[in-house]
Amino acid sequence: MTPEQTKKFKYWQTRTIIVSMIGYALYYFVRKNFNTAMPSIEATFGITKTQLGIFLTLNGVIYGVSRFVNGFIADRVSARKFMALGLALCALVNIGFGFSDKMALLITGTAGGSEYITALTIIMGSILLLNGYFQGMGVPPVSPLMTHWVPANELATKMSIWNASHSIGAFIIAILCGYLMGHTGTDMTGDPEMRQRVVENTASITEKMDAASAEAYVTNALQHVGAWQWTFWVPAAIAVLGVIFIIVTLRDTPKSVVLPELEGTKTQLDEHDSSEEFKAFLRKKVFLNPMIWGLAVADFFVYIVRFAVLDWGRGVWTYHNTWYWGSASGELDGVPFGWNIGYGFGNTEAATENVLFYDGRIHKLSEVRFEIPMDEDGFEDFMKPWVFTSDDNRFYMNFIPVLDRSAFMSAGVVLSDQHQVFGRFTGRITLDDGTVLPVRDFFGFAEKVENKW
């Protein structure tokens, strides 16, 4: 390339990376919004993630199949148009999701009852499956884009930069949807029928709260009835603007802007592209390639973590939540010993994380409560002695704080107030066989964390 061509190529390379990053971040706008809307959907209709479980599971499967199928298609069509089409279809089904309650009303002729809820669940689940397939159209066109615009010796570095689009999109949509959930919808706190419905629908969540927290949770849901719909409509509208942005600003290849192609981007297979050659290429380079399968298995486990954090975690947890957690480990009279205790992570009716570890065995505890002392102004004083008790009387500890590792951040709709306190525990524990063990000056930590996210 001439110096002028090199300068122009660098501009288009940077532009392609940035535009495709924005484009894929917008896919997350119409993908991760469901998780923030879920608590409001449950409060309004009583539909839980358990009821939508089969659809959520199939959504992941269909997404994977879509990525595989659309990889072949994206290699043969315009990457710019394909990426824009996928985002447009995701925006369309998100708009439809926002009207799913109206669809169920149209089908059943009623706005309540088991028949309506069943229809609504099926409609929402079906739309989630469609969105799962269309989401699989986001990444496949990026691969040919990058190989056309980025030399092989720079590809790993610049793809690593591009991969930040996942996190950027997920972060922004979490903040946006949190804002929408707190500032849209209809205030129905004065509607006794709606209040009763919300109380019944959220009973499994509020039953573990104290009376004041439960009332605040119900009131918050009543103040923003219907806000869940805006978490689909607003991101969908932004995605539509993103479709236009992609079409206008992205280009498939250097050739499309009168620049020479990178060396090595055209192969003998590209020139002939016969069916038999293509099949042989797939067998050798993909299906019989152990490196591909190794990466696929590794990526499978990465997606399990992502699904747990971004889908189930964000959907099951409320926007405003508080958790208590404590742990300690070491040796008790020369025997390996420790514990994990806590609550506030969700509904602990079915199971808790409260256990003792002693001599290689786990001993299950029931509910454990943290008693944090108050100061003279009625605020928690984390550096005064705490008390821990369990309702089965098998865990009793006094806790003398040594250090409060505190952190506070408040930025509009996002809040994090953390107090992780390190210190020494003194008390007693009871093993499953009834053996009582005294504990003295055992070092560990306990924390209280309040979040809005």
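From a predicted model like this one, the values you see are computed outputs, not experimental measurements. Position labels on residues start from 1 in each chain and follow its written sequence. Restriction of local features to residues with pLDDT of at least 70 applies here, the model being predicted, together with a cutoff of 80 or more for giving and counting side-chain atom pairs; totals for whole chains, interfaces and linings are based on all residues. In computing side-chain properties, one takes all heavy atoms of the structure into account and sets aside hydrogens as well as water.

Explanation requested: the overall build of the protein in the structure shown.
Scanning the protein from terminus to terminus reveals 16 helices and nine strands. Expressed along its principal axes, the backbone C-alpha trace of the protein runs to roughly 80 × 60 × 40 Å. A 1.4 Å probe rolled over the protein chains alone gives each residue an accessible area, and that area as a share of the maximum for its type sets the label: buried under 20%, exposed over 50%, partly exposed in between. Out of the 453 residues in the protein, the part that is buried amounts to 45%. We call two residues contacting when some pair of their heavy atoms lies within 4.5 Å. Across the protein, contacts joining residues at least 24 apart in sequence account for 67% of those joining residues at least 6 apart. Asp and Glu count as negative and Lys and Arg as positive, but His and the ends of the chain are not part of the count. Think of each charge as sitting on NZ of Lys, CZ of Arg, CG of Asp or CD of Glu. The distance from the centre of the 36 positive side-chain charges to the centre of the 44 negative ones in the protein is 11 Å. A helix here means a DSSP run of H or I that spans at least four residues, while a strand means a run of E at least two residues long, and both kinds are numbered starting from the N terminus.

Mind showing me how you'd approach the pattern of salt bridges here?
Once the charged atoms of two side chains with opposite charge are near each other, the side chains can pair. Here a salt bridge means any side-chain nitrogen of Lys or Arg lying within 4 Å of a carboxyl oxygen belonging to Asp or Glu. Counted by the stated rule, this structure contains six salt bridges. Notably, a salt bridge pairs Lys448 with Glu380, separated by 2.8 Å at the nearest N-O pair. Here the residue Lys448 occupies a position in strand 9 (residues 436-452), and Glu380 occupies one in the loop between strand 5 (368-371) and strand 6 (386-390), the gap between them amounting to 68 residues. In this structure Lys448 comes out as buried when scored by relative accessible area, which is 17%.

Would you mind going over the packing of helix 2 (residues 33-45) against helix 10 (residues 192-201) with me for this structure?
Between two packed helices, what matters for the description is the angle formed by their axes and the separation of those axes. Axis geometry follows a simple rule: fit a line to the C-alpha atoms, using only the stretch in contact for helices, then measure angles between N-to-C directions, giving values from 0 to 180 degrees. Where helix 2 meets helix 10, the axes come as close as 6 Å, and the angle between the chain directions of the two elements is 120 degrees. Comparing the axis directions of helix 2 and helix 10 gives the class oblique. Residues Glu42, Ala43, Thr44 and Phe45 of helix 2 form the contact with helix 10, whose own contacting residues are Met194, Arg197, Val198 and Asn201. Here the residues of the contact of helix 2 with helix 10 are counted per class, giving four nonpolar, two polar and two charged. The labels follow the angle: roughly parallel below 35 degrees, roughly antiparallel above 145, roughly perpendicular from 65 to 115, and oblique for the rest. Classification convention: Asp, Glu, Lys, Arg as charged; Ala, Val, Leu, Ile, Met, Phe, Trp, Tyr, Cys, Pro as nonpolar; all other residues, Gly among them, as polar.

I keep staring at the packing of aromatic side chains and nothing clicks. Help me out?
Each aromatic ring pair is summarised here by two numbers: the centre-to-centre distance and the angle between the ring planes. Ring geometry is summarised as follows: Phe, Tyr and Trp rings, the Trp one being its six-membered ring, pair when their centres sit within 6.5 Å, and such pairs are stacked at plane angles under 30 degrees, edge-to-face over 60 and tilted between the two. A complete count under the given rule lists 36 aromatic pairs for this structure. Look at Phe337 and Tyr358: their rings are 6.2 Å apart centre to centre, the planes differ by 75 degrees, and that puts the pair in the edge-to-face class. In this pair, Phe337 is assigned in strand 2 (residues 335-343) and Tyr358 in strand 3 (residues 355-358), connecting sequence segments 21 residues apart. According to the relative accessible area criterion, Phe337 is buried, its value standing at 4%. Given a relative accessible area of 18%, Tyr358 falls into the buried group. With a centroid separation of 6.1 Å and an interplanar angle of 55 degrees, the aromatic rings of Phe382 and Trp386 are classed as tilted. It is Arg31 that lies over the ring of Tyr63; its NZ or CZ is 4.4 Å from the centre. Placement of a positive charge over a ring is assigned whenever Lys NZ or Arg CZ falls within 6 Å of the ring centre and within 35 degrees of the normal to the ring plane. Its end group placed over the ring of Tyr343, Arg369 keeps NZ or CZ at 4.1 Å from the ring centre.

I would appreciate a short explanation of the nonpolar core in the present structure.
Considering soluble globular proteins, one finds that nonpolar side chains tend to be buried as a cluster. Nonpolar cores were defined as sets of buried Ala, Val, Leu, Ile, Met, Phe, Trp, Tyr and Cys residues, with membership established by side-chain atoms within 4.5 Å. In terms of nonpolar packing, the biggest core is built from 63 residues, with Phe34, Ile41 and Phe97 touching the most fellow members. Listed by contribution, the elements that provide at least two residues to this core are helix 1 (3-29), helix 2, helix 3 (53-74), helix 4 (79-98), helix 6 (114-135), helix 7 (142-149), helix 9 (164-183) and helix 13 (227-249). When residues no more than four places from it in sequence are discounted, the contact partners of Phe97 are Phe34, Ile41, Met124, Ile127, Leu128, Trp228 and Phe232. By size, the runner-up hydrophobic cluster in this structure holds 28 residues, among which are Leu332, Ile341, Phe395 and Phe425.

Please clarify how the environment of Phe82 should be interpreted in this entry.
With respect to the element layout, Phe82 can be found in helix 4. Classification of Phe82 by relative accessible area gives buried; the value is 7%. Here the alpha-carbon distance between Phe82 and Gln135, two residues 53 residues apart in the chain, equals 12 Å. Setting aside residues no more than four positions away along its own chain, Phe82 makes contact with Tyr27, Asn70, Ile73, Ala74, Val77, Met137 and Pro141.

Explanation requested: the pairing of strand 5 in the structure shown.
Walk down a regular strand and you will see the side chains alternate between the two sheet faces. Because side chains alternate across strand 5, one face comprises the buried residues Val368 and Phe370, and the other comprises Arg369 and Glu371, none of which is buried. Both strand 5 and strand 6 contribute to a ladder of four bridges, which runs antiparallel. Bridge pairing links Glu371 to Val387 in strand 6. Criterion used throughout: strands pair if DSSP finds at least two bridges between them.

Can you walk me through a nonpolar patch on the surface in this structure?
Every patch collects residues that have over 30% relative accessible area and no salt bridge, joining them within 9 Å if they carry like charges and within 5 Å if they are nonpolar side chains (Val, Leu, Ile, Met, Phe, Trp, Tyr). All accessible areas in this document rest on Shrake-Rupley with a 1.4 Å probe, and a residue is counted as covered only by the protein chains that are shown. The grouping of Ile54, Leu58, Val61, Val65, Phe68, Val69, Ile73, Val77, Phe287, Leu288, Ile292 and Trp293 at the surface amounts to a nonpolar patch, some 1,100 Å² of accessible area in total. Of all the elements in the fold, those that place two or more residues in the nonpolar patch are helix 3 and helix 16 (290-316). For the nonpolar patch, the leading source of residues is helix 3, giving seven residues. Considering the arrangement of structural elements, one finds Val69 in helix 3. For Val69, a relative accessible area of 33% gives the class partly exposed.

Could you clarify how one ought to interpret the side chain of Thr253 in this entry?
Tracing the backbone through its elements, the reader meets Thr253 in the loop between helix 13 and helix 14 (268-272). Overall, the relative accessible area of 17% leaves Thr253 in the buried class. Each residue touching Thr253, except ones within four places of it in the same chain, is listed here: His148, Trp149 and Glu261.

How should I be thinking about the pairing of strand 2 in this particular structure?
The buried fraction of strand 2 amounts to eight of the nine residues, a majority that puts the element mostly inside the structure. Of the pairings in the sheet, the one linking strand 1 (residues 320-332) to strand 2 comprises nine bridges and is antiparallel in character. Note on strand 2: the bridge partner recorded for Ser329 is Gly338. The hairpin formed by strand 1 and strand 2 contains two residues between the paired strands, and Asp333 there has a positive phi angle of roughly 55 degrees.

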